[in-house]
Amino acid sequence: ANGDVGAKSGAMDDGKRGTEGIKSSSQKLSLLQRYHRSLTNRTWSYALWAVEQAGPTYIKLVQWASTRNDLFSPEFVGHFSKLQDETRGHSWKDTEVALEKAFGKDWRGILSFDRVIKDEYE
């Protein structure tokens, strides 16, 4: 019994165990904070991607919403304001597929474009 008490008090006397516990807790908190920040950023990135995938109507709606800092949180406005200048594009081939799906294989006989712009996504 006496040996156990001495071992416990000896461990406490050197001061390491108490300090390690505090350091470990702060390291855990820091790790948790980094994980939370990373998860939050990934969630916003996923939301941005989802809006872009939903199509031009949703992009326009969220572009408008991101200008309304009187209605939406600064965090919302900050993340979705990227849609003002940094919207991901798609290739002309993707557009052709959509046009063919909507109008049939002869969509060029129905629609015409004044000029062709070089496609940077191909």
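What counts, and where the lines are drawn
- Residues numbered from 1 in each chain as written.
- Predicted model: local features only at pLDDT ≥ 70, side-chain atom pairs only at ≥ 80, totals over all residues.
- Heavy atoms only, no water.
- Helix = DSSP H or I, 4+ residues; strand = E, 2+ residues; numbered from the N terminus.
- Buried < 20%, exposed > 50% of the residue type's maximum accessible area, 1.4 Å probe, protein only.
- Contact = heavy atoms within 4.5 Å.
- Areas by Shrake-Rupley, 256 points an atom, 1.4 Å probe, with all protein chains shown as cover.
- Phe/Tyr/Trp six-rings, centres within 6.5 Å; stacked < 30°, edge-to-face > 60°.
- Core = buried A, V, L, I, M, F, W, Y, C linked by side-chain atoms within 4.5 Å.
- pLDDT = per-residue confidence, 0-100.
- Salt bridge = Lys/Arg side-chain N within 4 Å of Asp/Glu carboxyl O.
- Arc of directions from axis to C-beta.
- Patch = residues over 30% accessible without salt bridge, like charges linked within 9 Å, V, L, I, M, F, W, Y side chains within 5 Å.

**Looking at the overall build of the chain**
Here comes step 1: When helices and strands are counted, the chain shows seven helices and zero strands.
Here comes step 2: The secondary structure elements of the chain, listed N-terminal to C-terminal, are α-α-α-α-α-α-α.
Here comes step 3: Here the chain holds 122 residues, and the buried ones make up 16% of them.
Here comes step 4: A fraction of 48% describes how many contacts in the chain between residues 6 or more apart in sequence connect residues 24 or more apart.
Here comes step 5: Approximately 10300 Å² of the chain is accessible, and the part contributed by carbon and sulfur atoms is 56%.

**Comments concerning the packing of aromatic side chains**
Here comes step 1: Within this structure, the stated rule accounts for five aromatic pairs.
Here comes step 2: Through successive ring pairs, a cluster of aromatic residues spans Trp44, Phe72, Phe76 and Phe80.

**A short note on the nonpolar core**
Here comes step 1: One finds Trp44, Leu48, Val51, Ile59, Val62, Ala65, Phe76, Val77, Phe80 and Leu83 forming the largest nonpolar core, which totals 10 residues.
Here comes step 2: Residue assignment for this core shows that the elements contributing at least two residues are helix 2 (16-54), helix 3 (56-65) and helix 4 (74-80).

**Considerations on the confidence of the model for the chain**
Here comes step 1: Of the residues in the chain, 71% reach a pLDDT of 70 or more, and the chain-wide mean stands at 77.
Here comes step 2: Within the chain, helix 1 (residues 2-13) has the poorest average pLDDT of any element, 48, and helix 4 the best, 91.

**Some thoughts on the pattern of salt bridges**
Here comes step 1: One pass over the full model with this rule turns up two salt bridges.
Here comes step 2: Between Asp70 and Arg68 there is a salt bridge whose closest N-O contact spans 2.6 Å.
Here comes step 3: For Asp70, a relative accessible area of 53% gives the class exposed.
Here comes step 4: Judged by relative accessible area, Arg68 falls into the partly exposed class, the value being 27%.
Here comes step 5: In this structure, the salt-bridge partner of Arg108 is Glu96, at a minimum N-O distance of 2.6 Å. Placement of the pair is Arg108 in helix 7 (residues 107-110) and Glu96 in helix 6 (residues 92-103), with a sequence separation of 12 residues.
Here comes step 6: A relative accessible area of 54% means that Arg108 is categorised as exposed.
Here comes step 7: With a relative accessible area of 22%, Glu96 lands in the partly exposed category.

**Here we look at helix 3**
Structurally, the α-helix is built with 3.6 residues per turn, so residues lying three or four positions apart point the same way.
Here comes step 1: Buried residues of helix 3: Ile59, Val62, Gln63 and Ala65, and no others. All buried residues of helix 3 lie within an arc of 160° about the axis, which places them on one face of the element. For helix 3, the exposed residues set more than 90 degrees away from the buried face come down to Pro56, Thr57 and Lys60.

**Describing a nonpolar patch on the surface**
Here comes step 1: On the surface, Leu29, Leu32, Tyr35 and Leu39 cluster together into a nonpolar patch covering about 430 Å² of accessible area.
Here comes step 2: Within the secondary structure, Leu39 sits in helix 2.
Here comes step 3: Overall, the relative accessible area of 42% leaves Leu39 in the partly exposed class.

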